[in-house]
Amino acid sequence: MHCELKGAVCAALLAGSSMLIQGAPARAQSEAAGAGDGEIIITAQRREESLQKVPVAVTAFSGDRLNELGLQDSVDLGDFTPNLQINEIAGPGSQPAIFLRGIGLNDFSLNNSGPVALYTDEVNLSAFGAQNFAMLDLNRVEVLRGPQGTLYGRNTTGGAVNFVSNLPGDSFEGHAIASYGSYNAVRGEFVASGPLSDTVGVRVAALRNYAEGYFKNVLTGQRSNGADAWALRGTLRFQPNERLDMILRGRFDRSTNRFTWYDQLGMFDPASVLAGTPALCADAQILAGQCVDAFGYSDQDPKYRGRFSSNARLKNEAYGTSLRMALNLDAAQIISVTGYNESENFFPEDTDVSPNRFVEVSLGAKSKTFSQELRASGETGFMNWIVGAFYSWERITQDQTADVLRDARPSPDAFFSRHLNRQSGKTYAAFGQVEAKIADPLTLVAGLRYTHDQKDFRTRLQFEETGLIIPLFDTPLSFKDSNWSWKLGLNYEPSADWLLYGNVSRGYKGGGFNGGFIFNPAQNVPFETEELTSYEVGAKGRLFDDRMTLNMAGFYYDYRDIQVFSQFDSNGFPVTLLVNAPKAELYGAELELSARLGGGFSFNTAVGLLHSEFKDFPSDFGDFSGNRLARAPSMTASGGIRYEGDISPSARLQANIDVSHRSFVYYNTENTAPGREPAYTLVNGRIGVTFDERYSVALWGRNLFDTYYAVNRNPLSDFGFVQVIPGEPRSIGIELGVTF
């Protein structure tokens, strides 16, 4: 099946596009931005364009569409984007694991950034701990698949996600929304915007989100896996004349909910633990809940129930500011984007998920990041061009602890370790891209980027007991690398309704350091740069007088020196390492279709297919060649149907039901059965009425069929258990809103 997919992707896309082009009626209306009904204008190529005119595999959501789908946080996007997988790696409020077309970083450490870049209003959020935030007052979200670098400040191998905020308007406007739902979930949002003068506009937004949570500690009656979050956004826009546009933004997010509780699966045979010689159960026994951990504990409570020794709260706080200045000259536009972000995180985990104090770890980090991007762009006759320069600086400090066998003290195997890391880094880059019409329907695309990365890292390990500190090592490390990356493509527009494109591009991500729990100083070595060469073809079209849009893409990735997070057993504390796998291969396809059916009904669907395989991955802990890449399901699919229509002269009904599906996926590189999540399907729905175009009331539901699924499965065989982090069960609620 995989071989057939690899050979057929390009042929099927091109053949299908050819037939549809021949059968599609010609467009009669203007191609100007916003001309089409419901058309989304995006800036994926650093200029305003219709989504259908951008020769890039990109999925875009308008702000209204985000609300219809019930997408509230940055981690929710994966449910409705083909080949995008986003999970909170340790449950609500924790750092996200973002994988796009199988490219991502599975690391829980807070000192590394992944190969999929997140941008808020053109500023890169590189710190893992800052990437889980509320999607508050957004104009749109753009998900770009494939290597980025010839147009963007930060280079990536996997892609980019752009979060674009609303701007102040010419008149006073705003809204207030309040909702109440399952698990005493209360959410309130307020937005106000308007002009202060003819040249100055302001916009502010605030959010409060609280929920007791769906997981219950049967020992105390307390609940967790909920929310306790605040978010603020502010924008000040100054336009003194037609040439100059200055936008100052500020943002703040804070979460302090109780840290996530998990389900637990034991891994040891009960008789072997009693005998003092723990032995692993068969996989079927582990998954059936018939085994115990190293302390003999077995979680037999119902789902979303457990017995826990800790009720500590996490802290996830991030704030930032940015200044965007645009100067419109006769021959070019010059844009400067300056950004500064800080974040502070503390994640205290009851690692053994039991009433015993067997293993408890905490992750603490503080980060500061500054970035400056300067670019110029313009149009000269038959050519669009852009050139730019980028600089970033970051500093990250980590304070992490591991408390092992607390209840067994004074056992000689018990210990409390503290891992103190300090990392600083700088990136310099220059980039550019041109699009030149070489014939009326043909456009040549060429881009080039130079990047220089340098990082310094210092890691210190010490054992601590009351009144005693035993230093074990204090190791300085450094990393430096330079790279050229590029893009070459060809666009073909056979008619006003269709765009065909093909490109080859090279993506790059610099190396770094293991920021996890390292006990062996010999393992304190940097991981190296990774590179990805992408081959992609695609087609975008409009059919039936703009009533339908169809976007397709097929890709093949040659992935080298992949930065892979792996967790290995060591007959002690598990070894967590970031290493380089020599080679992997990925290929697949995406299809996105939306249609206005008439009578107020509309339909949309998106499908992603993916094959991923390590072609060469030997290691000191085994040979993983032939394994799938982690968090890379072979199929993602979503679809929905929506109705909107008047039910009276002053009332309008909106209703939608949406479905998302994921095939089975491995959450670990080793592809073990306890790390495998079965396929699952989620169904969400919403029905609401708007009165006088001002007041609204809606009922909503998420996971309507109460499907049990896990956003992470983490086997820790050294300790004899699997952490199973469940996703949210069924929740329903009501929402009230008013606009002004």
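Only a predicted model underlies this, so the values are computations on that prediction, with no experimental measurement involved.

## So, the state of the cysteines
Argument step 1. Taken as a whole and assessed by the stated rule, the structure comprises one disulfide.
Argument step 2. Paired by a disulfide, Cys281 and Cys291 hold their sulfur atoms 2.2 Å apart. Across the S-S bond linking Cys281 and Cys291, the dihedral sits near -130°, which makes this disulfide left-handed. Of this pair, Cys281 sits in the loop between helix 3 (270-274) and helix 4 (283-287) while Cys291 sits in the loop between helix 4 and strand 19 (305-306), and the two are ten residues apart along the sequence. Here Cys281 matches Cys291 in class, with each residue buried.

## Observations regarding the environment of Arg642
Argument step 1. Along the chain, Arg642 turns up in strand 34 (residues 635-648).
Argument step 2. Within polar-contact distance, the side chain of Arg642 engages the side chain of Glu68 at 2.8 Å.
Argument step 3. Polar contacts involving the side chain of Arg642 include one to the side chain of Glu644, which spans 2.8 Å.

## A closer look at a nonpolar patch on the surface
Argument step 1. A contiguous nonpolar surface patch, about 630 Å² in accessible area, is contributed by Tyr180, Val186, Tyr210, Ile687, Leu699, Ile734 and Leu736.
Argument step 2. Relative to the elements of secondary structure, Tyr180 occurs in strand 11 (residues 173-181).

## Details of the packing of aromatic side chains
Argument step 1. A complete count under the given rule lists 31 aromatic pairs for this structure.
Argument step 2. An angle of 75° between the planes, with centres 5.7 Å apart, marks the rings of Phe415 and Phe519 as edge-to-face. You can see Phe415 sitting in strand 24 (residues 415-439) and its partner Phe519 sitting in the loop between strand 27 (498-509) and strand 28 (530-543), a full 104 residues away along the chain.
Argument step 3. For Phe415, a relative accessible area of 17% puts it in the buried group.
Argument step 4. For the pair Phe555 and Tyr557, a centre-to-centre distance of 5.0 Å together with 45° between the ring planes defines the contact as tilted.
Argument step 5. Just above the ring of Phe133 sits the side chain of Arg251; from NZ or CZ to the centre is 4.9 Å.
Argument step 6. The aromatic ring of Phe664 is capped on one face by Arg676, whose charged end is 3.9 Å from the ring centroid.

Rules used throughout
- Residues numbered from 1 in each chain as written.
- Predicted model: local features only at pLDDT ≥ 70, side-chain atom pairs only at ≥ 80, totals over all residues.
- Heavy atoms only, no water.
- Disulfide = S-S within 2.5 Å.
- Helix = DSSP H or I, 4+ residues; strand = E, 2+ residues; numbered from the N terminus.
- Buried < 20%, exposed > 50% of the residue type's maximum accessible area, 1.4 Å probe, protein only.
- Polar contact = N/O pair within 3.5 Å; in protein donor to acceptor, adjacent residues only side chain to side chain.
- Patch = residues over 30% accessible without salt bridge, like charges linked within 9 Å, V, L, I, M, F, W, Y side chains within 5 Å.
- Areas by Shrake-Rupley, 256 points an atom, 1.4 Å probe, with all protein chains shown as cover.
- Salt bridge = Lys/Arg side-chain N within 4 Å of Asp/Glu carboxyl O.
- Phe/Tyr/Trp six-rings, centres within 6.5 Å; stacked < 30°, edge-to-face > 60°.
- Lys NZ or Arg CZ within 6 Å of the ring centre and 35° of its normal.

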